[in-house]
Amino acid sequence: MAATPAGPIPPLPRFPRDFLWGVSTSAHQIEGAADQRGASVWDAFTAVPGNVKDGTTAAVACDHYHRYREDVALVRDLGVDAYRFSVSWPRVLPTGSGPVHAAGLDFYDRLVDELCAAGVRPVPTLFHWDTPLAVQEAGGWLSRDTAERFAEYAAVVAARIGDRVPKWITLNEPAEHTLLGHALGEHAPGRRLLFDALPVAHHQLLAHGLAVRALRAAGARDIGIANSHGPTWPASDGDEDTAAADFYDVLLNRLFADPLLVGHYPEGCGELMPSPDLEADLKVISEPLDWYGINFYQPTKVGAPLPHTTEFSGLTLPPELPFSPREIEGYPKTDFGWPVVPGALTELLTAFRDRYGDRLPPLVITENGCSYEGLDDQERIAYLDGHLRALHRALEAGVDVRGYFVWSLMDNFEWAEGYRRRFGLVHVDHTTQERTPKASYHWLREVLRARRA
Ligand code: IFM
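Basis of the calculations
- Residues numbered from 1 in each chain as written.
- Predicted model: local features only at pLDDT ≥ 70, side-chain atom pairs only at ≥ 80, totals over all residues.
- Heavy atoms only, no water.
- Near = heavy atom within 4 Å.
- Polar contact = N/O pair within 3.5 Å; in protein donor to acceptor, adjacent residues only side chain to side chain.
- Areas by Shrake-Rupley, 256 points an atom, 1.4 Å probe, with all protein chains shown as cover.
- Nonpolar A, V, L, I, M, F, W, Y, C, P; charged D, E, K, R; others polar.
- Pairing = 2+ DSSP bridges.
- Helix = DSSP H or I, 4+ residues; strand = E, 2+ residues; numbered from the N terminus.
- Axes fitted to C-alpha atoms, helices over the stretch in contact; angles between N-to-C directions.
- Contact = heavy atoms within 4.5 Å.
- Parallel < 35°, antiparallel > 145°, perpendicular 65-115°, else oblique.
- Left-handed = near helix turned anticlockwise from the far one by under 90°.
- Core = buried A, V, L, I, M, F, W, Y, C linked by side-chain atoms within 4.5 Å.
- Buried < 20%, exposed > 50% of the residue type's maximum accessible area, 1.4 Å probe, protein only.
- Phe/Tyr/Trp six-rings, centres within 6.5 Å; stacked < 30°, edge-to-face > 60°.
- Salt bridge = Lys/Arg side-chain N within 4 Å of Asp/Glu carboxyl O.

A. Here's a closer look at the site of the ligand. Taken together, the residues surrounding the ligand are Gln29, His128, Trp129, Asn172, Glu173, Tyr297, Trp338, Glu367, Trp407, Glu414, Trp415 and Phe423. One of the side-chain nitrogen or oxygen atoms of His128 is found 2.8 Å away from an oxygen atom of the ligand. With respect to the ligand, the side chain of Glu173 contributes an N or O atom lying 2.8 Å from a nitrogen atom. Expressed as a share of its isolated accessible area of 280 Å², the protein-covered part of the ligand is 95%. Tallied by class, residues from the shell around the ligand come to six nonpolar, three polar and three charged.

Set out below in structure tokens:
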């Protein structure tokens, strides 16, 4: 079933005047210029045949490093308020610590200047999965030291661009980086540790808390994190399926939100975390946030484990997991096979408000989008329109959501899928690097123009 609109789309409901509209990207997925930075875990991972489905790497990606002016012009012409990008840790500190690579830091300085000159607010994310290879070789996120190195790096970036950055994001999707990168080995650094990957979650959260402190010490304000979340639906009312769905909810949602928002891990998880003083770590991790970012794509239906390996959303899941994802039927699917369920965003946002109450800072949707082929991407328009209406229903229900960022500005390197998944509002010809705005870009521009009028 395709997600194409049946007729003309009625205008979107009114959003608050100061609602923040933006688009997102990440360094490794767009920058290229791999020869002008230190190596990251993704360079090592993509060099191994078979790790990326189309056999590509991000060595050139969208060549944004050289074409950032053209890309900022696209962001400006779209009419969004803000641009979320990530800073590549190995571009700034090629070995993760020690001497700063001046040309690398200069690039972000120029990018921020270009955005400011275009009237677009720069919203940097400090970590979007591209751990310096040298840091990985010293233990990576399994090592507590990495959290300290990360905070030092955060201070270096803040000292250089902090005077022009109004809003910061520490980490992107530590859940995915733990699960896909360290538990299942589907992403860099390609570890298949299953539940032994849990320290990776703790050290990223600790890194986040230390970075919040480092940023504030450097004078930064308006700091958040971008966590991926989604409702988990049990495959049936049966006890086993319900228990499996609850387990998955802990893994995807609560393991990463509870320590940040209420200062403790879900029951049974704290004792699995490596720490000389867990209470002290949790104080750092729960350093108050100015806002909380949610990346939302889809709900997950989960049932009791199946006794064999299952394929799901391009992932190979072993039978040792105490849950097994199931197909969600009855909804359109993106080219990635992800179900399009806008109502699940309303469900997620109201559930967050109900779960965390007064402890929940204002929310921002830091990513939402879909992969579809083609320039006349009516399905993407339907997806974005549906999710914006769903977000608006959450606003009407009293959830404090302050902004929405589309993933992504342009087609880019979609990790283990390579270039075969296109999430962009702008089409990129990966041979010529030609950028062509899609129908969804023009649609969003009209939405934003109408809003300003
Ligand atoms: O491309 C990714 C992004 O890097 C993190 N969030 C999900 C997107 C789509 O898979």
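B. Examining the sheet that holds strand S2 (residues 82-86) more closely. Strand order in the closed barrel formed by eight strands is S1-S2-S3-S4-S5-S7-S12-S13, and the pairing between neighbours is parallel. For this sheet, the mean angle separating the axes of adjacent strands, direction not counted, is 25°. Sheet topology note: the strand S5 (residues 223-228)/strand S7 (residues 292-295) ladder contains three bridges and is parallel. Its bridge partner lying in S7, Ala226 is registered against Gly293. Sheet contacts for helix H13 (residues 378-396): strand S1 (20-24), strand S12 (363-367) and strand S13 (401-407); angle to S13, the most-contacted strand, approximately 165°.

C. Spotlight on the packing of helix H8 (residues 174-183) against helix H9 (residues 198-217). It is the contact of H8 with H9, at a shortest axis distance of 9 Å, that shows an interaxial angle of 150°. Here H9 runs roughly antiparallel to H8, going by the angle between their axes. Viewed along their axes, H8 and H9 form a crossing whose handedness is right-handed. Between H8 and H9, the residues in contact are Pro174, His177, Thr178 and His182 and Val200, Ala201 and Gln204, respectively.

D. Main features of the nonpolar core. Among the nonpolar cores identified, the biggest contains 142 residues, and Phe150, Trp168, Tyr292, Leu349 and Leu391 are the most heavily contacted of them. By size, the runner-up hydrophobic cluster in this structure holds eight residues, among which are Leu20, Val123, Ile169 and Trp291.

E. Geometry of unusual backbone geometry. Geometrically, the link from Ala188 to Pro189 is a cis peptide bond, its omega value of 5° lying close to zero. Along the chain, Pro189 turns up in the loop between H8 and H9. Cis peptide bonds are those with omega within 30 degrees of zero, and the linkage from Trp407 to Ser408 qualifies with 15°. Considering the arrangement of structural elements, one finds Ser408 in the loop between S13 and strand S14 (426-428).

F. Quick peek at the side chain of Asn227. You can see Asn227 is positioned in strand S5. When near neighbours in sequence (up to four residues on either side) are disregarded, Asn227 contacts Pro174, Phe256, Leu260, Tyr292, Gly293, Ile294 and Asn295.

G. Local environment of the packing of aromatic side chains. Taken as a whole, this structure holds 31 aromatic pairs when the rule is applied. Measuring from ring centre to ring centre gives 5.5 Å for Tyr297 and Trp338, while their planes differ by 75°; the resulting arrangement is edge-to-face. Placement of Tyr297 in the loop between S7 and strand S8 (300-303) and of Trp338 in the loop between strand S11 (324-326) and helix H12 (343-356) is noted, with a sequence separation of 41 residues between them. The exposure class of Tyr297 is buried, given its relative accessible area of 12%. The exposure class of Trp338 is buried, given its relative accessible area of 14%. Considering the side-chain rings of Phe352 and Tyr356, the 5.3 Å spacing of their centres and the 50° angle between planes classify their relative orientation as tilted.

H. Layout of the pattern of salt bridges. Using the criterion set out here, one finds 31 salt bridges in the structure. Between Lys438 and Asp411 there is a salt bridge; the shortest N-O distance is 2.8 Å. With Lys438 in the loop between strand S15 (435-437) and helix H14 (439-452) and Asp411 in the loop between S13 and S14, this pair connects stretches of sequence that are 27 residues apart. Several salt bridges converge on common partners, so that one network encompasses Asp106, Asp109, Asp113, Arg160, Asp163 and Arg164.

I. Geometry of the pairing of S2. Of all the five residues making up S2, five are buried; the element is thus mostly covered by neighbouring parts of the structure. Burial along S2 is two-sided: Ala82, Arg84 and Ser86 and Tyr83 and Phe85, pointing in opposite directions, are all buried. Pairing geometry for S1 and S2, over three bridges, is parallel. Bridge assignment links Val23 to a residue of S2, and that residue is Tyr83. Both S2 and strand S3 (residues 121-127) contribute to a ladder of five bridges, which runs parallel. Looking at the pairing, Ala82 lines up with Arg121 of S3.

J. Focus on the sheet that holds strand S6 (residues 232-234). Strand order across the open sheet formed by three strands is S6-S8-S11, with mixed pairing between neighbours. The open sheet has two free edges, formed respectively by S6 and S11, since each of these has just one partner strand. Ignoring strand direction, the axes of neighbouring strands in this sheet form an average angle of 45°. Alignment of S6 against S8, held across three bridges, turns out to be parallel. What sits directly across from Thr232, in S8, is Thr300.

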